[in-house]
Amino acid sequence: MAITSIRGFKDILPDEVGKWQFAEATARRVFESYDFSEIRIPLLEKTELFTRGIGESTDIVEKEMYTFTDRSGISVTLRPEATASIVRAYIEKSMYKQNPVAKLYVIGPMFRYERPQKGRFRQFNQINAEVFGLEDPLIDVEVMVMLIHFLQEIGLEKLELQLNSLGCKACRPSYQERLKEFLLSNKGRFCADCQRRIRTNPLRIFDCKIESCKEIMGQGPLMLDFLGPECRDHFELVTSYLKALETPYVINAKMVRGLDYYVRTAFEMVSGDLGAQNAVAGGGRYDGLIVDLGGPEIPGIGFAIGMERLISLLSPDVGSQKIPHLFIATIGEKSRIQGFKLAKTLRLEGLSVEMGYEKKSLKSQMRRADKLACPYVLILGEEELQRGTAMLRDMRSKTQEQLDLTLAPEVLLRKMK
RNA sequence: GUGGGUGUAGCUCAGUUGGUUAGAGCACUGGGUUGUGGCCCCAGAGGUCGUGGGUUCGAGUCCCAUCACUCACCCCA
């Protein structure tokens, strides 16, 4: 029995890897134009980092983490998200002492033990961007604008920015109190799932697909109506700056975040083409997280882009396979070695060169060159070799010309570079 | 963790009420007179029919179990 990959872990094969490279390169270019710097952090952390950072009672911590004890007996976890690790590094290396503001991004895999489905995997890749040290609503907007900028550069224009405010430690409890009262007073009218959610995850009831639940929740209290004065000001400034930058958005007062640390601004980029998992990117503000993880009182905001979801939305032609500049076809052992040497010379000069390695017929080598879509084939045969020449065939025009072998590298480089 | 759908060649799929050596297209390999690609033609290679039981004279086809994939719920990027 051959060994297969683990459920929920996917190979990214050569014919789609171009899309990934394109997405990553575009993210680096765009983010750096906003003065973000890349940071690389471990995939494995002490389990406590996530239980404290993400929240003990979240689904991620309760049932989705890849946690095990290592050989020294400490509990470690494959990161289920990046923000906690970035914050840990930020605190551990005292980055805030050198610079009051840090703009960081991370590209890499996350791990969550969930049942796979469309757009959801156990190992999945994210691009994360985080800003530490700025509380002004202007930075909330800059982060969203940068995300949209990136998505436009990559060719995704039709995504919708959804915005909400989750309040803060001061105003959220009174809202939750009111929501609970409302839910309990209507308890008997909800579906079984929602009755359970009243206890486990009250905000999720807003997302219930059942018509009768939707109807009841239409009357339910919204966080936006319970924001304290500071949170309200913050939210209003965010929307007014978005308008100033002519960035369209829709307010989704029912939007919920799965991680405990989010406060105030929360946002998602949503697509209609992704099935049930419709968020390509999501983020928000997390002003208390750095303190929670043992650092100084420094605010933070950031987002994560789901790479697999992003890639699945790209049009098929982006990042298509590279084709070699030249194919070298040879006939006979002497010319095979001659061609091998020439390939090396040209590669050292930066050309991409493929050749017929096995002693196959010219026809077979030509077929392969054609399949690879090489624009030129250099034919090195016994006759040519005796004359000290080679035949260069232009595959598109079907014309060919003789080249002097000693001059061949020069001519080829000029033609193809 | 729960529910639905699907498992036949590398890929996309046929396979008649159960009946001989399981097929096609694409892809792959070789060839179509001496050293020239795409199109066309010919040939070849490639399958424990997901796996394990059962029913039957006989199972790709029927039954049971199991596994995998997939979609949805839960939840999230």
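Residues numbered from 1 in each chain as written. Chains lettered and ligands numbered in written order. Predicted model: local features only at pLDDT ≥ 70, side-chain atom pairs only at ≥ 80, totals over all residues. Heavy atoms only, no water.

We now examine the packing of aromatic side chains. To describe a pair of aromatic rings, you give the distance between the ring centres and the angle between the ring planes. Counted by the stated rule, this structure contains 13 aromatic pairs. Ring geometry for Y90 against F132: centres 4.5 Å apart, planes inclined by 50°, an arrangement best described as tilted. Taken together, the positions of Y90 in helix α4 (residues 83-92) and F132 in strand β6 (residues 123-132) put the pair 42 residues apart, joining distant regions of the chain. The pair Y90 / F132 is uniform in exposure class, with both members buried. Taken together, the ring pairs in this structure connect Y90, Y96, F132, Y261, Y262 and Y286 into an aromatic cluster. The ring of Y113 has R122 lying over it, and the distance from NZ or CZ to the ring centre is 3.8 Å. (Phe/Tyr/Trp six-rings, centres within 6.5 Å; stacked < 30°, edge-to-face > 60°. Helix = DSSP H or I, 4+ residues; strand = E, 2+ residues; numbered from the N terminus. Buried < 20%, exposed > 50% of the residue type's maximum accessible area, 1.4 Å probe, protein only. Lys NZ or Arg CZ within 6 Å of the ring centre and 35° of its normal.)

On to the pattern of salt bridges, then. Pairing between side chains of opposite charge can happen when the charged atoms of each approach one another. Within this structure, the stated rule accounts for 20 salt bridges. In this structure, R285 and D140 form a salt bridge, with 2.6 Å as the shortest nitrogen-oxygen distance. Of this pair, R285 sits in strand β10 (residues 279-285) while D140 sits in helix α6 (residues 137-153), and the two are 145 residues apart along the sequence. Across the pair E401 and K415 runs a salt bridge, and its minimum N-O distance is 3.0 Å. Taken as a pair, E401 in strand β16 (residues 399-404) and K415 in helix α16 (residues 408-416) lie far apart in primary sequence, 14 residues in all. For E401, a relative accessible area of 35% gives the class partly exposed. (Salt bridge = Lys/Arg side-chain N within 4 Å of Asp/Glu carboxyl O.)

What follows deals with the protein's contact with RNA strand B. By nearness alone, 48 residues border RNA strand B, and R115, R197, R204, K371 and K398 come closest of all. Take the atoms of RNA strand B that sit within 4 Å of the protein: sugar and phosphate atoms are 50% of them. R112 places a polar side-chain atom, nitrogen or oxygen, 2.7 Å from a sugar or linking oxygen of RNA strand B. Between RNA strand B and R197 there is a distance of 2.2 Å, counted from a phosphate oxygen to a side-chain nitrogen or oxygen. Of all the elements in the fold, those that place two or more residues in the surface near RNA strand B are α3 (59-64), β6, β10, α14 (362-371) and α15 (382-387). Of the residues forming the surface near RNA strand B, the biggest block, 7 residues, is contributed by α14. In terms of residue class, the surface near RNA strand B is built from 12 nonpolar, 12 polar and 24 charged. (Near = heavy atom within 4 Å. Polar contact = N/O pair within 3.5 Å; in protein donor to acceptor, adjacent residues only side chain to side chain. Nonpolar A, V, L, I, M, F, W, Y, C, P; charged D, E, K, R; others polar.)

In this model α6 runs 24 Å from its N-terminal to its C-terminal C-alpha over 17 residues, within 8% of the 24 Å that 1.5 Å per residue would give. Most of α6 sits out of view: 12 of its 17 residues are buried. Listed in full, the buried residues belonging to α6 are P137, I139, D140, V141, V143, M144, V145, M146, L147, I148, F150 and L151. Sitting at the head of α6, D136 places a side-chain oxygen 2.8 Å from the backbone nitrogen of L138. (Expected span 1.5 Å × (residues − 1).)

A few words on the sheet that holds strand β2 (residues 44-46). With antiparallel pairing, 3 strands are arranged side by side in an open sheet as β2-β4-β3. A strand with exactly one partner marks an edge of an open sheet, and here the two such strands are β2 and β3 (66-69). Across the sheet, the mean angle separating the axes of adjacent strands is 35° when strand polarity is ignored. In terms of strand pairing, β2 meets strand β4 (residues 75-78) through 3 bridges, oriented antiparallel. When the bridges of β4 are listed, K46 appears paired with V76. Against the sheet, helix α2 (residues 47-54) engages β2, β3 and β4, with an angle of about 75° to β2. (Pairing = 2+ DSSP bridges. Axes fitted to C-alpha atoms, helices over the stretch in contact; angles between N-to-C directions. Contact = heavy atoms within 4.5 Å.)

What follows concerns the nonpolar core. Counting residues in hydrophobic clusters, the biggest one holds 66 residues, and the most contacted among them are F31, F150, F190, F303, I305 and L310. No other element matches α6, which puts 10 residues into this core. In contact with F190, other than residues within four places in its own chain, are L183, Q195, I198, I205, C213, I216 and M217. If you look at the next biggest cluster of nonpolar residues, it comprises 33 residues, including M65, V87, A89 and M255. (Core = buried A, V, L, I, M, F, W, Y, C linked by side-chain atoms within 4.5 Å.)

All right, on to the layout of surface pockets then. Roughly 310 Å³ of internal volume is contained in the second largest pocket. Considering the residues around the second largest pocket, the lining is formed by 17 residues, among which K10, E16, W20, F121 and E308 are closest to the centre. Elements with a contribution of two residues or more to the lining of the second largest pocket: α1 (14-33), β6 and α12 (307-313). Of the residues forming the lining of the second largest pocket, the biggest block, 4 residues, is contributed by α12. Among the residues forming the lining of the second largest pocket, the class breakdown is 6 nonpolar, 4 polar and 7 charged. (1 Å grid on protein atoms, 1.4 Å probe; cavity = no way out; pocket = protein on both sides within 12 Å on 5 of 7 lines; lining within 4 Å. Points joined across faces, edges and corners; volume = space filled by probe spheres on them.)

Attention now moves to the sheet that holds strand β7 (residues 160-165). The 8 strands lie next to each other as β1-β5-β6-β11-β10-β9-β7-β8, forming an open sheet whose pairing is mixed. A single partner strand is all that each edge strand has here, and the edge strands are β1 (37-38) and β8 (250-251). Bridge analysis of strand β5 (residues 102-111) against β6 gives 10 bridges, and the strand direction is antiparallel. Bridge assignment links F111 to a residue of β6, and that residue is Q123. Sheet strands touched by helix α10 (residues 229-244): β7, β8, β9 (263-270) and β10. Its angle to β7, the strand with the most contacts, is close to 160°.

All chains considered together, the criterion is met by 0 disulfides. Between C231, a free cysteine, and C168, which holds the nearest cysteine sulfur, the sulfur-to-sulfur gap is 3.4 Å. Exposure remark for C231: the relative accessible area of 2% places this residue in the buried category. (Disulfide = S-S within 2.5 Å.)

Our focus in this paragraph is the side chain of T247. Locating T247 in the fold gives a position in the loop between α10 and β8. Not counting residues within four places of it along the chain, the set of residues in contact with T247 comprises V145, I148, L161 and L242.

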